[in-house]
Amino acid sequence: MRDKPWIIRTYAGHSTAKESNALYRKNLAKGQTGLSIAFDLPTQTGYDADHVLARGEVGKVGVAVSHLGDMRTLFEGIPLDAMNTSMTINATAAWLLALYIAAADEQGVPREKLQGTTQNDIIKEYLSRGTYVFPPGPSMRLIKDVILFTTKEMPKWNPMNVCSYHLQEAGATPVQELAYALATGVAVLDAVKASGAVEGKAFADCAGRISFFVNAGMRFITEICKMRAFVELWDEILAERYGVTDPKQRLFRYGVQVNSLGLTEQQPENNVYRIFLHMMALTLSKNARARAVQLPAWNEALGLPRPWDQQWSLRAQQILAYESDLLDYGDIFDGSPAIAKKVEELKTEARDELRRILDMGGAVEAVETGYLKAQLVESNSRRVDEIELGERTIVGVNKFVETEPSPLPTGEGSIITIPPEVEQNQIANLQAWRAARDQAAVDSALNELRRAAREGRNIMPASIACAKAGVTTGEWGFALRDAFGEFRAPTGVSSAARNDARCVDEVRGEVDRVSRKLGRRLKFLIGKPGLDGHSNGAEQVAVRARDAGMEVVYEGIRFTPADIVKAARDKNVHVVGLSILSGSHMPLVKEVVAKMREAGLDDVRVVVGGIIPPDDEAMLKDAGVAAVYTPKDFELNRIMTDIVRIVEKKAPSKAA
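Overview of the structure. On a predicted model such as this, the values are computed, not experimentally measured, just so you know.

**Some words on helix H22 (residues 561-571)**
Move 1: Buried within H22 we find Pro561, Ile564, Val565, Ala567 and Ala568. All buried residues of H22 lie within an arc of 160° about the axis, which places them on one face of the element.
Move 2: On its buried side, H22 packs onto strand E11 (523-527), strand E13 (575-580) and helix H23 (585-598).
Move 3: Looking at the residues trailing H22, positive phi occurs at Asn572, about 55°.

What follows is the structure, given as structure tokens:
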């Protein structure tokens, strides 16, 4: 009997709930079988659209959802009892799920019929994506609350995706991806077990609802073996550590968004082949096949893809699922000695690393000490070195770079841009929402939320009551900030240069020469303004600048332009590098440059890195930015040399 296809999704959402709803309905009409919701950064980090940190970020990397009215609009005309909805949301997962439940209640949909997933994995946010809010302890408590609530009231809902996707994006090796994801799963189940709220069959039910969200890169056979290792190791952990006896509850159930890290700005049409190979690594092995698949678009290294670009990726899934004979056969890798050997190698190494983490006290402790983040920064540095030195071939980037002009659409309209009025309109609608609601009901609901947080009660009933009372995303977020506090994760970038840093002698000599000319060590501030938590590039620039002999100031993510300018003045730096990958580069960079001029920092140069279209690059340079770097600029030594020249040209004889 032919297998059923996996759930076919595209990861989508931008600007407003109304626009995203139209996009979802179009995608469903094209044969998509589930929804995967992308939220904007203010929504992901618990801010309203009119908060200072939300400036420039509203609607950029996903849809803005500020209150129940936005959630109603997002799913207008989409019956929630007939939909499988995945929500990529972590720190504020309890809140977005509460809004979803409130919208379903309004539709008259019984909660036991709701199907879908909240990602709800805060561990990887501290390590890679950066949309955390609260400290690890309270964050794990929120995850536990969602698991306990959904297991009881929403038995078809997956309350958590243990998400190793972003770990690979941050440079994780297959062994690290296996070990760190499994350590997160163990930490969550330990927290559920320690609560004493569920035992026996009820605990096994909780364990059976934990799902995973993974990544697949270009090492095709290794990725297949990694997934088979995941299946076997998770079964082993649930049986041996937790005594789960039902094999169905020990199944490794996972969805996938394949690798975006490997997509190139150079010859972007090649990304179509990369994406398809990534997908095959997650679908060919029946015993380790993904339950749901979403694919990036070929031009995501250039900007936000259009509906046509997403359709192209959707059709790739449909062609494999419906035209090929893939689903007609059992597992074609069973009995392969090469596959079996590689799987065992991965399992052995992953068990060793998992044991190391558990000996530290578990995933939460390994986050707080900085161990996991430092390991990822180091492995990513090795990857970057290999590409720059040509030891790892990237077609069109460091080999086979000669190319014909692309006939694919380029120029104006080739990517989606979010107009500034989207943010202005969202703020106006938010203010109108606040003005029209019953403020006494809002205050009462928020007070009950704070009490639930402080008293250790499950956060979900109070959150659902807040949703129905008209509470906003920012109000929910700040109520829990009051109860739990906020957290700044370790950066993973140490102050000591690597002993094994390769091919930096020449650029280090230039840094030394210009430092002598300046009268002190060249000092480089790397800042991430706004809410963008994609810190991998900033970390690698910081590591290379440090290894090249610069004095580096890097304190992580989520700073206002005013914060960055103050740091530039207080630290007396020579150059500021801004890293922004969320599409908010124009307003945020211009604000930083303007505030630096106001502060009298005209001698401090500004450089910018991110996914920046050519027209925006020209405007940034007109605004006073000295250099702009995009994903095509993979040679970090060249960037370091540029920065040295920029500093020398601006201040050829200035001494401290």
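Read on for the rest.
**Considerations on the sheet that holds strand E10 (residues 292-294)**
Move 1: Spatially, E1-E10-E9-E8-E7 is the arrangement adopted by the five strands of the open sheet, whose pairing is parallel. Where the open sheet ends on each side, the last strands, each with one partner, are strand E1 (7-9) and strand E7 (160-163). This sheet shows a mean twist of 20° between the axes of neighbouring strands, independent of strand direction.
Move 2: Looking at chain direction, E7 and strand E8 (residues 210-214) are connected through four bridges and run parallel. Directly across from Asn161, in E8, lies its bridge partner Ser211.
Move 3: Against the sheet, helix H8 (residues 174-195) engages E7 and E8, with an angle of about 145° to E7.

**Let's talk about the nonpolar core**
Across soluble globular proteins, nonpolar side chains show a tendency to be buried alongside one another.
Move 1: Core analysis: the biggest nonpolar cluster contains 175 residues, and Met71, Leu282 and Met460 have the highest contact counts within it.
Move 2: Not counting the four nearest positions on each side in its chain, Met71 is found in contact with Val65, Leu96, Leu99, Tyr100 and Ala103.
Move 3: Ranked by size, the runner-up nonpolar core spans 25 residues in total, among them Leu525, Val576, Ile580 and Leu588.

**Considering unusual backbone geometry**
Move 1: The phi torsion at Asn120 lies on the positive side, around 60°, for a residue other than glycine.
Move 2: Relative to the helices and strands, Asn120 resides in the loop between strand E5 (115-118) and helix H5 (123-129).
Move 3: Overall, Asn120 belongs to the buried group, its relative accessible area being 3%.
Move 4: Positive phi, close to 55°, is recorded for Asn572, a residue that is not glycine.
Move 5: Here Asn572 lies in the loop between H22 and E13.
Move 6: Judged by its relative accessible area of 40%, Asn572 is partly exposed.

**Considering the side chain of Thr85**
Move 1: Relative to the assigned elements, Thr85 resides in strand E4 (residues 84-88).
Move 2: Accessibility expressed as a relative area gives 0% for Thr85, which makes it buried.
Move 3: Only 3.0 Å separates the side chain of Thr85 from the side chain of Tyr100, close enough to count as a polar contact.

What counts, and where the lines are drawn
- Residues numbered from 1 in each chain as written.
- Predicted model: local features only at pLDDT ≥ 70, side-chain atom pairs only at ≥ 80, totals over all residues.
- Heavy atoms only, no water.
- Buried < 20%, exposed > 50% of the residue type's maximum accessible area, 1.4 Å probe, protein only.
- Helix = DSSP H or I, 4+ residues; strand = E, 2+ residues; numbered from the N terminus.
- Arc of directions from axis to C-beta.
- Contact = heavy atoms within 4.5 Å.
- Pairing = 2+ DSSP bridges.
- Axes fitted to C-alpha atoms, helices over the stretch in contact; angles between N-to-C directions.
- Core = buried A, V, L, I, M, F, W, Y, C linked by side-chain atoms within 4.5 Å.
- Polar contact = N/O pair within 3.5 Å; in protein donor to acceptor, adjacent residues only side chain to side chain.

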